[in-house]
Amino acid sequence: MPQWLQAGGWGLLAGSALLIGAAVGYLVRVPPRVVATVMGFGAGVLMSAVAFELVDEAYQQAGMLPTTAGAVAGAIAYTGCNILLARRGARHRKRSGDQQPSEDQQSGSGTAIALGALLDGIPESIVIGASLLGGGAVGAVTVAAVFISNVPEGLSSAAGMRAAGRSGRYVFGLWGAIAAVSALAAIAGYTLLGDAPAAVLAGITALAAGAILAMVADTMIPEAFENAHLLTGLVTVAGFLVAFGLSHAGG
């Protein structure tokens, strides 16, 4: 199987976790404390992947300057886009309660939420494709981390969409589309960066890392803290250590 197609398959696999989480969140009445606890775990997983897979990999490839510049650029780009979408109704797109506005409450919020979900998923998928350039081992760990974190993201967001009165067709159509885009983004990460110099590849990896870390702070930790704040630290550390263990499983 061609490597670019493998990259797309890994991206699709990681993105499919959003559909799994969305199905649970939309079809099952999951207690808010459980949703928040799982979200905290997913936040820990992503923070560990950022630290030990993405930032460290970028640093090993090209040193401190491209790594720092890329991470800062990624955080700025994500935050800027997130601010624009938040003003149009997507601020609480990953919240499981009644924080999400309905279309009647804020016209265009459905589109904003869809674009926000896309914004959250693309950096992860590009990294999955790019990480496979190194032979596949790092890519597999990154896929596992993204998959684990995507389940609570889809779960919490779909529960909030249901509370806002959005239809099952909207919810599953959205997450199905994001899963498909995840595959395309992974293919793009592999094919477009295959011949890139080490400094450019490191900068792109760090850029995605900065965007992912900003996403965790803006959209995942608030949900975890609101409903499971006394356990947030514990479950976040648990997720962090699980991803850390995955990254060192073959070492």
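Parameters and conventions
Residues numbered from 1 in each chain as written. Predicted model: local features only at pLDDT ≥ 70, side-chain atom pairs only at ≥ 80, totals over all residues. Heavy atoms only, no water. Helix = DSSP H or I, 4+ residues; strand = E, 2+ residues; numbered from the N terminus. Buried < 20%, exposed > 50% of the residue type's maximum accessible area, 1.4 Å probe, protein only. UniProt positions renumbered as here; feature names shortened; annotations may be inferred. Expected span 1.5 Å × (residues − 1). Bend = angle between axes of the 7 residues up to and from the residue. pLDDT = per-residue confidence, 0-100. Phe/Tyr/Trp six-rings, centres within 6.5 Å; stacked < 30°, edge-to-face > 60°. Contact = heavy atoms within 4.5 Å.

## Considering the overall build of the protein chain
A tally of regular secondary structure across the protein chain gives 8 helices and 0 strands. Put simply, the protein chain runs from its N terminus to its C terminus through helices and strands in the order α-α-α-α-α-α-α-α. Seen through its C-alpha atoms, the protein chain measures out along the principal axes to roughly 50 × 35 × 35 Å. Here the protein chain, with 251 residues, has 47% of them falling under the buried criterion.

## Observations concerning the UniProt feature "transmembrane region" (unreviewed entry) in the protein chain
Under the UniProt annotation, the feature "transmembrane region" (unreviewed entry) is placed at residues 6–27, 34–52, 64–85, 170–192, 198–216 and 228–249. Counted over residues 6–27, helix gives 100% and strand 0%. Its end C-alpha atoms are 32 Å apart. Secondary structure content for residues 34–52 is 100% helix and 0% strand, and the end C-alpha separation is 27 Å.

## Points about helix 2 (residues 32–62)
If you check helix 2, its first and last C-alpha atoms are 43 Å apart, about what 31 residues at 1.5 Å a residue would give, namely 45 Å. The sharpest bend along helix 2 reaches about 35° and sits at Val50.

## Here we look at the confidence of the model for the protein chain
Here the protein chain averages 84 in pLDDT, while 95% of its residues score no lower than 70. Highest mean pLDDT in the protein chain belongs to helix 3 (residues 64–90) (91); lowest belongs to helix 5 (residues 137–163) (79).

## As for the packing of aromatic side chains
Enumeration according to the criterion identifies 3 aromatic pairs in this entry. Ring geometry for Phe52 and Phe240: centres 5.6 Å apart, planes at 70°, overall edge-to-face. Placement of Phe52 in helix 2 and of Phe240 in helix 8 (residues 232–247) is noted, with a sequence separation of 188 residues between them. Its relative accessible area of 27% is what places Phe240 among the partly exposed residues. By the ring-pair criterion, three or more aromatic residues cluster together here, those being Phe52, Phe240 and Phe244.

## Quick word on the side chain of Ser157
One can find Ser157 in helix 5. Beyond its immediate sequence surroundings of up to four residues, Ser157 is in contact with Arg93, Lys94, Arg95, Gln100 and Trp175.

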